[in-house]
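If you want the building blocks of each chain, they are given just below.
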Amino acid sequence: MRTWQTSTTVEASPEQIIDVLTDPQAAVRWSPIDFEVEHIDGGRLTTGGHARVTGRLAGREIAFDIDVIQADEQRLLLTATGPIEIDVKYDVESVEGRVELRAWVTVRSRGGLFGRLLTGATEGLLGAGMLNSAVSRIAREVEASLCPALAA
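Description of the structure in this document. (Residues numbered from 1 in each chain as written. Predicted model: local features only at pLDDT ≥ 70, side-chain atom pairs only at ≥ 80, totals over all residues. Heavy atoms only, no water.)

Structural notes on the pattern of salt bridges
Scanning all chains against the criterion turns up 11 salt bridges. In this structure, R75 and D91 form a salt bridge, with 2.5 Å as the shortest nitrogen-oxygen distance. Of the two residues, R75 is situated in strand β5 (residues 75-81) and D91 in strand β6 (residues 84-95); the sequence distance between them amounts to 16 residues. (Salt bridge = Lys/Arg side-chain N within 4 Å of Asp/Glu carboxyl O. Helix = DSSP H or I, 4+ residues; strand = E, 2+ residues; numbered from the N terminus.)

Here it is as structure tokens:
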């Protein structure tokens, strides 16, 4: 089990960042892994909510069940359970007129050959900067939502 962490600052309010983090359509745009939302309770990630996503990783189609532990103005905390388990935490904090966005991802194998293979592949992607890329994309998505001309 390993944990990766990164952070960036964004010129936005904490609520605007959390809005992008909990919007599944925005997540499809900023996620470094292509995925589709099969189901989501209420259309957004909310505390106690559930979702199911599918995508491709390590050359295989995989599915994850998402359990949202916390989604409020300061934090998004969720667990994705599939062939591996991924804990994701995003914190937002106002710092001198800007917002600091911090992200942590922890990956755990659920056993079996494919679980160990997928854990290694995911850890390799995280080690190669996948989390940094995702956080940068989140910042751009937030800025584009504030200024639609940036999205064009």
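That covers the picture; the talk isn't over yet.
A short note on the packing of aromatic side chains
Taken as a whole, this structure holds 1 aromatic pair when the rule is applied. Here W30 and Y90 contribute two aromatic rings whose centre-to-centre distance is 6.1 Å and whose plane-to-plane angle is 85°, an arrangement assigned as edge-to-face. In this pair, W30 sits in helix α2 (residues 24-30) while Y90 sits in strand β6, placing the two residues 60 residues apart along the sequence. Of the two residues, W30 and Y90, both sit in the buried class. For R60, the ring lying beneath its charged end belongs to F114, and the centroid distance is 4.0 Å. Directly above the aromatic system of W104 lies the positively charged group of K89, at a separation of 4.7 Å from the ring centroid. (Phe/Tyr/Trp six-rings, centres within 6.5 Å; stacked < 30°, edge-to-face > 60°. Buried < 20%, exposed > 50% of the residue type's maximum accessible area, 1.4 Å probe, protein only. Lys NZ or Arg CZ within 6 Å of the ring centre and 35° of its normal.)

Quick look at the packing of helix α1 (residues 14-22) against helix α4 (residues 130-146)
At a closest axis distance of 10 Å, the pairing of α1 and α4 adopts a crossing angle of 110°. In terms of orientation, α1 and α4 fall into the roughly perpendicular class. In this structure, α1 meets α4 at a crossing whose hand is right-handed. Contact residues: Q16, I17, V20 and L21 in α1; I138, E141, V142, S145 and L146 in α4. Residues that form the contact of α1 with α4 fall into these classes: 6 nonpolar, 2 polar and 1 charged. (Axes fitted to C-alpha atoms, helices over the stretch in contact; angles between N-to-C directions. Parallel < 35°, antiparallel > 145°, perpendicular 65-115°, else oblique. Left-handed = near helix turned anticlockwise from the far one by under 90°. Contact = heavy atoms within 4.5 Å. Nonpolar A, V, L, I, M, F, W, Y, C, P; charged D, E, K, R; others polar.)

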